[in-house]
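Okay, here's what each chain looks like letter by letter:
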Amino acid sequence: MDPKESYSLKLISNPVISPKGTFFVLNWIDFSSNDYRSSIYLKTEKEVIRLTWGGKESQPYFYDGRLLYVKGGQEDSLMKSSLGEPEKIFSFHKIKKFLPYHDGFIFLGEENQDKDKPFEATSRKYRFDSRGLLRSRTSLYYFNGQEIRRVMGGNFDVTDFDTDGKRVVASATLTGDDVSLQDVFEVDINSSSFQRLTKGEGAVYSLALTKEGFAYLGHRKGLSPWARKDIIFEDGRSVTCGKTCGNSVVNDLFVKYSEKIEADGDKIISLGHEGGFVNIYSIEDSKAEKITEVEGVVLDFDFKDDKLEYVFSNPEKPSLMDNYDPNENVHGVVPRYEVNGIEGWIIERDLSSPNVVFVHGGPHTAYGYMYYIEFNFLYSEGFNVIYTNPSGSQGYGEEFAKAIVGSWCDIDFKEIMNFLKSLKLKGKFHLTGGSYGGYFTNMAITKTDFFASGIAERSISNLVSMCGTSDIGFWFNAVEAGISDPWNKESIEKLLEMSPIYRVEKVKTPLMLIHGEEDFRCPIEQAEQYFIALKSKGIEVKLIRYPGDSHEHARRGKPLNMIDRLSRKAEWLKSH
């Protein structure tokens, strides 16, 4: 299997139940244009029909007997169609979500800004990964059928909203923008005024109006990236689905599946994550009931009038919806499950093959029982692939996720090393990971020469400098290190002790660093520092830089860069 073939997948997203059938988006990569494509399809009981042909259509919504959707281009356009010739309703620079409201539409949008003008930063959060400098923010707008008016916006982001035609609620970073915490607000469309409804500090990942009020997926635990996500109701009640609500499983399927909840009558529908699995839960009368038993990971869903449609992935198949498989010729390898203190999986060729050990990012995410593009590619190249969920991972309870705070690559390092040594595999071991997994790789090779080589992607080497160069480093590094102020002497010493660059003289393992040049989450200066330090110490090291790619370079980077990346990783691993 070559890297291009690995990415030649079609992925389903945005299922929408309607009387005509289920509308959905099919996503794929156009290698000739080095770009991502998407079109809207309709699945009936008899067939699957393609409805749009521009290759940039998304967000299907069925309303008043018509299909509504967003058509991309130099600017986004909201379109309507009776499944014939579509008609444009209005255009805006970016339309991120829309809902009908009275004779028009409410939508989340972002205005176009001149990127060549000088930029003045006035707050700590002045740039954000995959968005660049925050010259414009996501605001709530109202189109009344004739003109567009901003209802809620400013130097903050409106992150979600819902309406039942009467009431409008929205989540926004208004009171916690620097650290991207959100609250729920009551919005008056006529007066463009809004009132905060939530108390305390926390996160709101998705919200929905119910017959009894609003509900949201999130928490009220302040700055705590490890916090369990619950369904929280307007009256303060909270319900947990599985070990945590939502989906914290990482994947490399090049489609961004956002967190969501849906309301249908008195029911709230949400995803729930437990171990390596994600399923759908129904919440009613403050009780959560699992309503699917998917041996895999549910990625997206829709629920209307007690009808359920969902998109899921398992190790054999990247993207499935009911009986529809857009990748009939793709068959991933089913991993072997292992447990030794922690849970893990092995895609195994034989005992003597070389082994690639993956460490996930976050650190408070998890690997899941699903299809991974890179894992199957490296298996086809002759490697056993090993991936685990050590302490720090989500899906095992909040205390398990919080266990590594203040001691990165410590408890989890010991757990992973014990897991590997219990496997009785005979081939050489290589270590790789991205983001926190990249940090772990950088740090692990200062502790052991067990690995024949390492590959650290979008990694961290210096937690002190990252506090000033990362879009979230000034707060994220502090709470993850268990300190309150990263700018005093004691805190700087703690951050340095947790930094791989502080222990660079102990490294003996060959290392390849891979980084996107526009990564604002773990800036490329992190890789540059480690590269120069290792080179100066005489260690075999390479730095691969991808212009134009952000922190998402391995998941939704430039497609030709992602192909090149897989080729380089396989070549490096084979050479060691």
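Criteria and cut-off values
Residues numbered from 1 in each chain as written. Predicted model: local features only at pLDDT ≥ 70, side-chain atom pairs only at ≥ 80, totals over all residues. Heavy atoms only, no water. 1 Å grid on protein atoms, 1.4 Å probe; cavity = no way out; pocket = protein on both sides within 12 Å on 5 of 7 lines; lining within 4 Å. Points joined across faces, edges and corners; volume = space filled by probe spheres on them. Helix = DSSP H or I, 4+ residues; strand = E, 2+ residues; numbered from the N terminus. Nonpolar A, V, L, I, M, F, W, Y, C, P; charged D, E, K, R; others polar. Salt bridge = Lys/Arg side-chain N within 4 Å of Asp/Glu carboxyl O. Buried < 20%, exposed > 50% of the residue type's maximum accessible area, 1.4 Å probe, protein only. pLDDT = per-residue confidence, 0-100.

Asker: When you look at the layout of surface pockets in this model, what are you seeing that I'm missing?
Answerer: In this approach a probe as big as a water molecule rolls over the atoms, and the regions it shows empty are the leftover space. Considered as a void within the structure, the second largest pocket measures approximately 380 Å³ in volume. Contributing to the lining of the second largest pocket are 17 residues, with Thr 22, Lys 43, Thr 44, Glu 45 and Glu 309 lying nearest its centre. Within the residue set of the lining of the second largest pocket, elements represented by two or more residues are strand E1 (11–18), strand E2 (21–30) and strand E29 (307–314). Broken down by class, the residue content of the lining of the second largest pocket amounts to four nonpolar, five polar and eight charged.

Asker: So what exactly am I meant to see when it comes to the pattern of salt bridges here?
Answerer: Side chains carrying opposite charge are able to pair once their charged atoms draw close together. Under the defined criterion, the tally for this structure stands at 42 salt bridges. For Lys 267, the salt bridge goes to Asp 306, with nearest N and O atoms at 3.1 Å. Separated by 39 residues along the polypeptide, Lys 267 in strand E25 (residues 267–274) and Asp 306 in the loop between strand E28 (297–304) and E29 bring together distant segments of the chain. In this structure Lys 267 comes out as partly exposed when scored by relative accessible area, which is 21%. With a relative accessible area of 55%, Asp 306 lands in the exposed category. A salt bridge links Lys 304 to Asp 302; the shortest N-O distance between them is 2.8 Å. You can call Asp 302 buried: its relative accessible area is 2%. When salt bridges with common partners are traced through the structure, they connect Lys 96, Glu 110, Lys 125, Arg 131, Arg 137, Asp 157 and Asp 177 into a single cluster.

Asker: Even after reading the chapter, I still don't get the confidence of the model for the protein chain, so can you show me in this structure?
Answerer: Reading predicted coordinates in detail is not appropriate for stretches of low pLDDT. Confidence in the prediction for the protein chain averages 97 pLDDT; 100% of positions are at 70 or higher. Mean pLDDT values over the elements of the protein chain span from 94, in strand E24 (residues 261–264), up to 99, in strand E36 (residues 453–457).

Asker: Would you mind showing me how to read unusual backbone geometry here?
Answerer: Most peptide bonds are trans, and most residues other than glycine sit at a negative phi. The residue after Gly 362, namely Pro 363, is reached through a cis peptide bond having omega 5°. Relative to the helices and strands, Pro 363 resides in the loop between strand E33 (355–359) and helix H2 (373–380). Despite not being glycine, Ser 130 shows a phi value in the positive range, around 70°. Looking at the element boundaries, Ser 130 is found in the loop between strand E11 (127–128) and strand E12 (132–133).

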